[in-house]
Amino acid sequence: TPTTRLTISNTTGTTVRQWDLSTETGTGQQTNRTWNGTAADGSLVDNGQYTINLTAADGVGNTNTKTRSVMVDTATPNVTIDSISGGHVVDGTRYFNTSTTLDVTISADDDGDEIDPAKTPTLAAVATEMKYERTPAVSHVSADSTHWTATLSGATLAEPGRYDLSADATDDANNTGVSGTYELVYDRTPPDISAVITNTDPDTETATVTVRASEPL
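Everything numeric here is computed off the predicted structure, so don't read it as measured data. Per chain, residues are indexed from 1 in the order of the written sequence. Only residues with pLDDT of at least 70 are given local features in this predicted model, and only at 80 or more are side-chain atom pairs given and counted; all residues enter the totals for whole chains, interfaces and linings. Only hydrogens and water are set aside; all other atoms, that is, all heavy atoms of the structure, feed into the side-chain values.

*Asks:* Looking at this structure, how should I read the environment of Thr93?
*Replies:* Here a helix means four or more residues in a row that DSSP labels H or I, a strand means two or more in a row labelled E, and each is numbered from the N terminus. Residue placement: Thr93 occurs in strand E7 (residues 93–96). Distance in space between the C-alpha atoms of Thr93 and Thr151 is 18 Å, their sequence separation being 58 residues. Filtering out sequence-adjacent residues up to four positions away, Thr93 remains in contact with His88, Arg162, Glu183, Leu184 and Val185. Any pair of N or O atoms that falls within 3.5 Å is considered a polar contact. Within protein, one atom must be able to donate a hydrogen and the other to accept it, and sequence-neighbouring residues count only if both atoms are side-chain atoms. A distance of 3.1 Å separates polar atoms of two side chains, one belonging to Thr93 and the other to Glu183. Throughout, a residue-residue contact means that at least one pair of heavy atoms, one from each residue, lies within 4.5 Å.

Here it is, written out as structure tokens:
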């Protein structure tokens, strides 16, 4: 009896999924099967390389096998913003203005491996009080590196206000990893400053000067 079987096995040779296509083949019609990376019980298989074998046999013992390899990858890339220089930090929030340039260093790897250079990480400054986003250009430090750099200039932002800065990267399997978020404040308004002089002493030529500002300095 002619038979056609499609099997998927891991690197140890263990079959994780199998289809009997005997009743669907042999007539010249195309038969399709979709594998979503799960075993027969519906559980997700481990990440790694798998072998797909399609074996057809006729009724007199002649067989033919076609083999392909696929990689299962469900792990999201590791993405971090390593450093931000420029501006002024107060209580964890970085303030900057039109004349300020923020230099940002990003790390992105796929379980220790380099992210495909064609899938460059994205750095985005997203306004929290309006619908506005700025994505500065990101440059690879070197071809074999897991580090990227970017420059965010205050002069390129359309509106002042609070921004959330984060990075993301996508690997070849379209898994996307996202970094933590850093709070930025783009401030183009000079602070209001006042000074009050008290406790003046002409004999010692001293006084107490209290300075108040409308925002962190």
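*Asks:* Help me understand the side chain of Arg94, please; the structure alone is not making it clear to me.
*Replies:* Here Arg94 is to be found in strand E7. Burial status follows relative accessibility: with a 1.4 Å probe on protein chains alone, a residue under 20% of its type maximum counts as buried, one over 50% as exposed, and anything between as partly exposed. None of His or the chain ends enter the tally, which takes Lys and Arg as positive and Asp and Glu as negative. Salt bridge, as applied in this entry: a Lys or Arg side-chain nitrogen positioned within 4 Å of an Asp or Glu carboxyl oxygen. Here Arg94 sits buried without a salt bridge, and the closest side chain of opposite charge, Asp103, lies 9.7 Å off (N-O distance). For Arg94, the side chain forms a polar contact with the main-chain oxygen of Gly86, separated by 2.7 Å. Setting aside chain neighbours within four positions, we find Arg94 in contact with Ile84, Ser85, Gly86, His88, Val89, Leu102, Glu183, Leu184 and Val185.

*Asks:* What exactly am I supposed to notice about the sheet that holds strand E3 (residues 48–57) here?
*Replies:* Within a sheet, each strand pairs with its neighbour through backbone hydrogen bonds, oriented either parallel or antiparallel. By definition, two strands form a pair when at least two bridges between them are found by DSSP. Spatially, E2-E1-E3-E4 is the arrangement adopted by the four strands of the open sheet, whose pairing is antiparallel. Of all the strands in the sheet, just strand E2 (15–20) and strand E4 (63–72) have a single pairing partner and so form its edges. Neighbouring strand axes in the sheet, compared pairwise and without regard to direction, differ in orientation by 15 degrees on average. Bridge count for strand E1 (residues 3–9) against E2 is five bridges, and the pairing is antiparallel. To define axes, lines are fitted to C-alpha atoms, for helices over the stretch in contact only, and angles between the resulting N-to-C directions are given on a 0 to 180 degree scale.

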